[in-house]
Amino acid sequence: GSNIVFHNTGTVNVQSGRLVLQGGDGGSTTGSFSISSGATLDFASDFNLTATANITGAGTAEFSAGTVNILSSSIANVLIDGSGTANFNSTTSAASLTLASGPLGGSGNFPSTGLFTWEGGTLSGTGVTNANGGILFDGYYVYLDQRTLNNAAGQTATFATPYGLYFFNGATFN
């Protein structure tokens, strides 16, 4: 059901389908998550993931609603969609990143080893996003606000559609 507080202190394995967490964590989550290929873990409310709350596996961690503050060091494939906000406040690495809408923010560094697909939304905060697998701009309007976005040397940045990339508050694109 919706709005049930989910406080993870152990290990959650999402083996297939979609697990939607809608009630928040009531303060902080210290346990880890493992997402199998083809499965999705959807954070659809407010969560605070501590440094021990790593999200591993070949599946997708989706941030579709609420605000999730992340201190963990690794996360599966990331999808930020809907009205979800993901704040990466320490160095957190991911296999891939899709920013469909909503903001990716925070003060930490966020390296994506695979392709960064940017369809909409905002990169914000004082941190750095490193697109080590290249960037696919595949939407109409995206916003870089204060944050630094680095496309790794030797990687391509492809603009797939007519595009508006807007810079605010000293944002940098390298």
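Bear in mind the structure is a predicted one, so any value in this text is a computation, not a measurement. (Residues numbered from 1 in each chain as written. Predicted model: local features only at pLDDT ≥ 70, side-chain atom pairs only at ≥ 80, totals over all residues. Heavy atoms only, no water.)

Enquirer: For this particular structure, what's the right way to read the pattern of salt bridges?
Expert: Any two side chains of opposite charge can pair, on the condition that their charged atoms come close. Counting across every chain of the model gives 2 salt bridges. With a closest N to O distance of 3.3 Å, D42 and R18 form a salt bridge. Of the two residues, D42 is situated in strand β4 (residues 40–43) and R18 in strand β2 (residues 18–21); the sequence distance between them amounts to 24 residues. Since its relative accessible area comes to 5%, D42 is described here as buried. Assessed through its relative accessible area of 46%, R18 is described here as partly exposed. Here R18 ties to E62 by a salt bridge, and the two come within 2.3 Å at their closest N and O atoms. Of this pair, R18 sits in strand β2 while E62 sits in strand β7 (residues 60–63), and the two are 44 residues apart along the sequence. (Salt bridge = Lys/Arg side-chain N within 4 Å of Asp/Glu carboxyl O. Helix = DSSP H or I, 4+ residues; strand = E, 2+ residues; numbered from the N terminus. Buried < 20%, exposed > 50% of the residue type's maximum accessible area, 1.4 Å probe, protein only.)

Enquirer: Even after reading the chapter, I still don't get the sheet that holds strand β14 (residues 103–105), so can you show me in this structure?
Expert: One key point about sheets: their strands pair by backbone hydrogen bonds, in either a parallel or an antiparallel sense. Spatial strand order, β5-β8-β11-β14-β17-β20-β23: 7 strands in an open sheet with parallel pairing. Whereas interior strands pair on both sides, the edge strands pair on one side only; in this sheet they are β5 (47–49) and β23 (164–168). Between one strand axis and the next, the sheet turns through 15° on average, direction left out of account. (Pairing = 2+ DSSP bridges. Axes fitted to C-alpha atoms, helices over the stretch in contact; angles between N-to-C directions.)

Enquirer: Is there a simple way to think about a nonpolar patch on the surface in this case?
Expert: A surface patch of nonpolar side chains, about 450 Å² in accessible area, is lined by Y140, Y141, Y166 and F168. Mapping F168 onto the fold places it in strand β23. (Patch = residues over 30% accessible without salt bridge, like charges linked within 9 Å, V, L, I, M, F, W, Y side chains within 5 Å. Areas by Shrake-Rupley, 256 points an atom, 1.4 Å probe, with all protein chains shown as cover.)

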